[in-house]
Amino acid sequence: MLVAVKDEALWLELSAPLEKHFRVRRETDGLRAMDVLTLLRPIAVIAESGLPGLSGILLARLIGHNRFLTCLPVALILSRQYLIEEFWARESGALVVVQRNDARTAVDAILGATKHMKPIPDNDWDQAETNIIAQGGPAAGVASELEGQLIGASILARLGEIEIGVKPGGTQQEGTIPTFIGKALSALSSVLEFALVAVSIFDTCDLFIVENETFKDVLDRDWFVRETINSCELYITPDKSIKEPSVNILPPVQHELPGPREPASTYFALPLSGRSGIYGLLSIMTFKQIAIREYYLHTLSLIGTQLAVTLERALFYEEVRRLSVTDPLTGLSNRRAIFARLEEEFRRSTRYGSPMSVAVADLDNFKQINDHHGHYAGDAILRDVANILRKSVREVDLAGRWGGEEMALLFPQTTLEGAIIACERVRREVERNITKFHGLELQVTLSIGIATLEPDKICPRSAESLVNLADNAMYLAKTRGKNQVATYKELEDQPYGSEPKIVAEFKPVDFGI
């Protein structure tokens, strides 16, 4: 029986019951215990987690990965009441994990697991001692490599489970970076105590913060944000700035390790590095003395490495998703995104009986601007109009580019009267706007058509029919002189759900063939 413990009182407590059944060998160093394991293969192992050289947790992990020792019963006794230590102990594959004050349970578990095993002859012990001295300790140097593999694999597995929610095709809630970061930092709270933790993304100038409600009476969020910004400035490139980040407070966690708090907090900042270099920062504030321990710093660096890899992949998926639903010129939602949202709101309105309105807007005389000043001038006007639309609608509304010079506006839970007010505001803003392009001052106007779904009355058959009504109303505004708003109720003999009217007669061209 191998007992790897450094604490003298613990050794005395364990040795008395064990020596009644086994010849017991004690080691006080983890690497020395590993040497005994490789050369002797004892009947069972009881190890203290806080061994020097190689911790009992890593010792148990090594045993589980060795094909000759994999069936060896291992009992782990935790040296400290730290959540992070208990987590890695239970990840190690030990037969039983107990606290220091419950060491007898470890003895009972080992006795139960070895009652049918044959004890090792005494002469094998003597030969093993000679071999250990001669070889000088074959297990040296394995600790840091194994620790990195263990922590890295465990953290990566947890982050990998969360990562599923940010791939393209997920729901709108799952496909957001804040959701992913919130879940990732909450998962890390199971192995790392913090009062505040934040992830900064340089490209978007976003700062995502998770608070620990257990420490809310001593939190200084403003100080933490300032320190995080100062840390970001050390890594960010000169062409970027994060002095005024968008601070996002994510859902909090609540956890605390046993033991007293330190009077002062400890702050850490780790850069998040990917294929294109450093793209963000992980910052943590904690009040535990554990924060100054070397293995805690090592664990934190491994967590930062794994988080950087997974978060970079999540950002890539989010960028792909964003590009697939965004118009590249204006930055507004594209036709695909508009129609997907329109279908969703149409179903919601018909189910719950709430109104919704759709507006189609067309830039007046836009072709003449392209013909006289070039398409780059037209692009500048489109971008200006897009900015006006973006600023003029509510957060719950949707502004998008329907195609060419046509824009679309979606107003959920909005009556016709409310949509008219919103569209008139947009029309006036566009009319007043002056686009400056290479010394030119260009102005455009909008013709807007509105259609409203009213479930308590006769309503269009589909979302497409609703858009057709708005499109026809927009053409009505054009025929009335442009730069105005028209509604579907002004259409003559236009029943709900009908196909769009033909606004221009098609005439075949005679090529003289």
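The structure under discussion appears in the preceding block.
Description of the structure in this document. (Residues numbered from 1 in each chain as written. Predicted model: local features only at pLDDT ≥ 70, side-chain atom pairs only at ≥ 80, totals over all residues. Heavy atoms only, no water.)

### What about the sheet that holds strand S8 (residues 246–249)?
Turning to step 1, where the next piece is worked out: Taken together, five strands build an open sheet; the order of strands is S8-S7-S6-S10-S9 and the sheet is mixed. Of all strands in the sheet, those with a lone pairing partner are S8 and strand S9 (266–274), marking the two edges. On average, adjacent strands in this sheet sit at an angle of 20° to one another, irrespective of strand direction.
Turning to step 2, where the next piece is worked out: Sheet topology note: the strand S6 (residues 196–201)/strand S7 (residues 206–211) ladder contains six bridges and is antiparallel. Opposite Ile201, over in S7, you have Asp206 as the bridge partner. (Pairing = 2+ DSSP bridges. Helix = DSSP H or I, 4+ residues; strand = E, 2+ residues; numbered from the N terminus. Axes fitted to C-alpha atoms, helices over the stretch in contact; angles between N-to-C directions.)

### Quick word on the pattern of salt bridges
Turning to step 1, where the next piece is worked out: Scanning the model with the defined rule gives 18 salt bridges in all.
Turning to step 2, where the next piece is worked out: In this structure, the salt-bridge partner of Glu345 is Arg348, at a minimum N-O distance of 3.0 Å. With Glu345 and Arg348 both in helix H11 (residues 335–352) and three residues apart, the pair spans about one turn of that helix.
Turning to step 3, where the next piece is worked out: What makes Glu345 buried here is its relative accessible area of 7%.
Turning to step 4, where the next piece is worked out: Looking at Arg348, the relative accessible area reads 32%, which means it is partly exposed.
Turning to step 5, where the next piece is worked out: Of the charged contacts in the structure, one is a salt bridge between Asp364 and Lys478, with a shortest N-O distance of 2.8 Å. One end of the pair, Asp364, is in the loop between strand S11 (356–363) and helix H12 (366–373); the other, Lys478, is in helix H15 (residues 463–479), with 114 residues separating them in the sequence.
Turning to step 6, where the next piece is worked out: For Asp364, a relative accessible area of 3% corresponds to the buried category. (Salt bridge = Lys/Arg side-chain N within 4 Å of Asp/Glu carboxyl O. Buried < 20%, exposed > 50% of the residue type's maximum accessible area, 1.4 Å probe, protein only.)

### A short note on empty space enclosed by the protein
Turning to step 1, where the next piece is worked out: Across all of its chains, the model carries three cavities of 30 Å³ or more by this definition.
Turning to step 2, where the next piece is worked out: In terms of lining residues, the largest cavity is bounded by Ile381, Asp384, Val385, Ile388, Val430, Asn433, Thr435, Leu442, Gln443 and Val444.
Turning to step 3, where the next piece is worked out: Here the element with the most residues in the lining of the largest cavity is helix H13 (residues 375–392); it accounts for four residues.
Turning to step 4, where the next piece is worked out: For the lining of the largest cavity, the residue count by class is six nonpolar, three polar and one charged.
Turning to step 5, where the next piece is worked out: Size it by volume and the second largest cavity reaches roughly 40 Å³.
Turning to step 6, where the next piece is worked out: In terms of lining, the second largest cavity is formed by Ile338, Leu342, Val358, Val360, Trp402, Ala408, Leu409, Leu410 and Val467.
Turning to step 7, where the next piece is worked out: Sorting the residues of the lining of the second largest cavity by element identifies H11, S11 and strand S13 (406–412) as the ones contributing at least two each.
Turning to step 8, where the next piece is worked out: Looking at the lining of the second largest cavity residue by residue, the class counts come to nine nonpolar, no polar and no charged. (1 Å grid on protein atoms, 1.4 Å probe; cavity = no way out; pocket = protein on both sides within 12 Å on 5 of 7 lines; lining within 4 Å. Points joined across faces, edges and corners; volume = space filled by probe spheres on them. Nonpolar A, V, L, I, M, F, W, Y, C, P; charged D, E, K, R; others polar.)

### Concerning the side chain of Arg427
Turning to step 1, where the next piece is worked out: Looking at the secondary structure, you find Arg427 in helix H14 (residues 416–432).
Turning to step 2, where the next piece is worked out: Among the polar contacts listed, one links the side chain of Arg427 to the side chain of Asn483, at a separation of 3.1 Å.
Turning to step 3, where the next piece is worked out: Other than its neighbours up to four places away in sequence, Arg427 contacts Leu446, Ile448, Asn483, Gln484 and Val485. (Polar contact = N/O pair within 3.5 Å; in protein donor to acceptor, adjacent residues only side chain to side chain. Contact = heavy atoms within 4.5 Å.)

### Section: unusual backbone geometry
Turning to step 1, where the next piece is worked out: The residue Asn365 is not glycine, and still its phi comes out positive at about 55°.
Turning to step 2, where the next piece is worked out: Here Asn365 is to be found in the loop between S11 and H12.
Turning to step 3, where the next piece is worked out: Of note in the backbone geometry, His438 takes a positive phi value of approximately 50° without being a glycine.
Turning to step 4, where the next piece is worked out: Within the secondary structure layout, His438 lies in the loop between strand S14 (435–437) and strand S15 (440–442).
Turning to step 5, where the next piece is worked out: Judged by relative accessible area, His438 falls into the exposed class, the value being 74%.

### Describing the packing of H12 against H13
Turning to step 1, where the next piece is worked out: The N-to-C vectors of H12 and H13 enclose an angle of 135°; their axes lie 6 Å apart at closest approach. Relative to H13, H12 is oriented oblique. Here H12 contributes Phe366, Ile369, Asn370 and His373 to the contact with H13, which in turn contributes His375, Ala377, Gly378, Ile381 and Leu382.
Turning to step 2, where the next piece is worked out: Tallied by class, residues from the contact of H12 with H13 come to five nonpolar, four polar and no charged. (Parallel < 35°, antiparallel > 145°, perpendicular 65-115°, else oblique.)

### A few points about the environment of Thr237
Turning to step 1, where the next piece is worked out: With respect to the secondary-structure elements, Thr237 resides in the loop between helix H9 (221–235) and S8.
Turning to step 2, where the next piece is worked out: Thr237 gets classed as partly exposed once you look at its relative accessible area, which sits at 37%.
Turning to step 3, where the next piece is worked out: For the pair formed by Thr237 and Tyr279, sequence separation is 42 residues and the distance between their alpha carbons is 9.5 Å.

### Describing a nonpolar patch on the surface
Turning to step 1, where the next piece is worked out: A contiguous nonpolar surface patch, about 290 Å² in accessible area, is contributed by Leu234, Tyr235 and Ile278.
Turning to step 2, where the next piece is worked out: Mapped onto the secondary structure, Tyr235 falls in helix H9. (Patch = residues over 30% accessible without salt bridge, like charges linked within 9 Å, V, L, I, M, F, W, Y side chains within 5 Å. Areas by Shrake-Rupley, 256 points an atom, 1.4 Å probe, with all protein chains shown as cover.)

### Overview of the side chain of Thr452
Turning to step 1, where the next piece is worked out: Secondary-structure assignment places Thr452 in strand S16 (residues 446–453).
Turning to step 2, where the next piece is worked out: Note on Thr452: relative accessible area 1%, which makes it buried.
Turning to step 3, where the next piece is worked out: At 2.9 Å, the side chain of Thr452 and the side chain of Ser357 are in polar contact.
Turning to step 4, where the next piece is worked out: Once residues lying within four places of it in the same chain are set aside, the contact partners of Thr452 are Met356, Ser357, Thr414, Thr415, Leu416, Leu466 and Tyr488.

### What about helix H5 (residues 103–114)?
Turning to step 1, where the next piece is worked out: Taking 1.5 Å as the rise per residue, H5 with 12 residues should run 16 Å; its terminal C-alpha atoms sit 17 Å apart, in good agreement.
Turning to step 2, where the next piece is worked out: Those residues of H5 lying buried are Ala103, Ala106, Val107, Ile110, Leu111 and Thr114. Mapping the buried residues of H5 onto a view down its axis gives an arc of 130°, with all of them on the same face.
Turning to step 3, where the next piece is worked out: Here the buried face of H5 lies against helix H1 (8–18), strand S3 (45–48), strand S4 (74–78) and strand S5 (96–99). (Expected span 1.5 Å × (residues − 1). Arc of directions from axis to C-beta.)

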